[in-house]
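# An overview of the molecular structure
These are the residues of each chain, in order.
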Amino acid sequence: MTARVAIALAVLLLAPSVARAQAAWLRDRLDVEWVVATGGWRSAMGASDARAPGFDALAGGGEFALGLEVGAGLAIVGDGRVLAGEAGGAHTFFEGLGSLALQLRLGRVRLRGGPAAGQAKWRGDQATLVGGFVAASIDVFPLGSGRLSTTVSLRLDIDADVGATTFLPDASAALALGLGVRY
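What you see is a predicted model; the values in this text were computed from it and never measured.

### Examining the packing of aromatic side chains
- Following the criterion strictly, the structure yields three aromatic pairs and no others.
- On the basis of an interplanar angle of 65° and a centroid distance of 5.3 Å, the ring pair of Phe55 and Trp122 is categorised as edge-to-face. Of this pair, Phe55 sits in the loop between strand 1 (30-44) and strand 2 (56-71) while Trp122 sits in strand 5 (residues 109-122), placing them 67 residues apart in sequence. For the pair shown, Phe55 and Trp122 are each scored as buried.
- Between Arg123 and the ring centre of Trp122, over which it is positioned, the NZ or CZ distance is 5.4 Å.
- Positioned above the aromatic ring of Tyr183, the side-chain terminus of Arg147 is 4.6 Å from the ring centre.

### A closer look at the pairing of strand 4 (residues 92-106)
- Two strands pair when backbone bridges link them, and strand 3 (residues 74-86) and strand 4 are joined in this way by 13 bridges, in the antiparallel orientation. Pairing of Ala84 across the sheet is with Phe94, part of strand 4.
- Hairpin connection from strand 3 to strand 4: five residues lie between these consecutive antiparallel strands, with Gly88 at a positive phi of about 70°.
- With eleven bridges joining them, strand 4 and strand 5 adopt antiparallel strand pairing. Each residue of the ladder has a partner; that of Leu97, found in strand 5, is Gly118.
- Counting the residues that bridge the hairpin from strand 4 to strand 5 gives two residues, and of these Gly107 lies at a positive phi of roughly 65°.

### Notes on the nonpolar core
- Phe55, Ala57, Ala87, Phe93, Ala120, Trp122 and Leu168 are the most contacted members of the largest nonpolar core, which totals 13 residues.
- Of all the secondary-structure elements, those providing two or more residues to this core are strand 4, strand 5 and strand 6 (125-142).

### Re the side chain of Asp31
- Mapped onto the elements, Asp31 comes out in strand 1.
- A residue is classified by how much of its surface remains accessible, and Asp31, at 7% relative accessible area, is buried.
- Within the structure, the side chain of Asp31 is placed 3.2 Å from the side chain of Arg182, a separation counted as a polar contact.

### Focus: the pattern of salt bridges
- Inspection of every chain in the model, using the stated rule, returns 13 salt bridges.
- Here Asp79 makes a salt bridge to Arg155, at a shortest N to O gap of 2.8 Å. A residue pair is termed long-range when its members are at least 10 positions apart, and Asp79 in strand 3 and Arg155 in strand 7 (residues 149-162) qualify at 76 residues.
- Asp79 sits in the buried class, given a relative accessible area of 6%.
- Exposure remark for Arg155: the relative accessible area of 3% places this residue in the buried category.
- Connected through shared salt-bridge partners, Arg42, Glu63, Asp79, Arg81, Glu95, Arg155, Asp157 and Asp159 make up one network.

Criteria and cut-off values
- Residues numbered from 1 in each chain as written.
- Predicted model: local features only at pLDDT ≥ 70, side-chain atom pairs only at ≥ 80, totals over all residues.
- Heavy atoms only, no water.
- Phe/Tyr/Trp six-rings, centres within 6.5 Å; stacked < 30°, edge-to-face > 60°.
- Helix = DSSP H or I, 4+ residues; strand = E, 2+ residues; numbered from the N terminus.
- Buried < 20%, exposed > 50% of the residue type's maximum accessible area, 1.4 Å probe, protein only.
- Lys NZ or Arg CZ within 6 Å of the ring centre and 35° of its normal.
- Pairing = 2+ DSSP bridges.
- Core = buried A, V, L, I, M, F, W, Y, C linked by side-chain atoms within 4.5 Å.
- Polar contact = N/O pair within 3.5 Å; in protein donor to acceptor, adjacent residues only side chain to side chain.
- Salt bridge = Lys/Arg side-chain N within 4 Å of Asp/Glu carboxyl O.

In structure tokens, the structure reads:
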């Protein structure tokens, strides 16, 4: 009976320090970036696009990235972005993209890239966006004494618009600039 009590007491005394160590490990490796305001455009890749040669959409939205650093500044990141805006008239353009990427942290700069997929809608036409992206974000200035800081990001997407039938192009590129916060 006394051995069980001693073991239970040892677990109760050691558990908080183990939990603190695990929380510190996660805090040191977690990378969270929330781009609160993103502005950009998506455009048809070429004038030879048979369906929508002059397609241009000006849009705004946001992006959220969550990653875990696996060592030496390299992280695996999940990313989601939503943009909505105008594309030639009173019709609203909408796109949502998700991705899984590799990220390299170089001091205050993070470089990210990988495959992306999602959906675009405009004037009743919809397409599955399949392609990839590259992005860079820079910490501008810290907020407080911890890891929290403001960030500026730039992202380039190149996608095939699979399943578009009428108004969306065969392939398109998007460029977006954003402001946000990072932990």
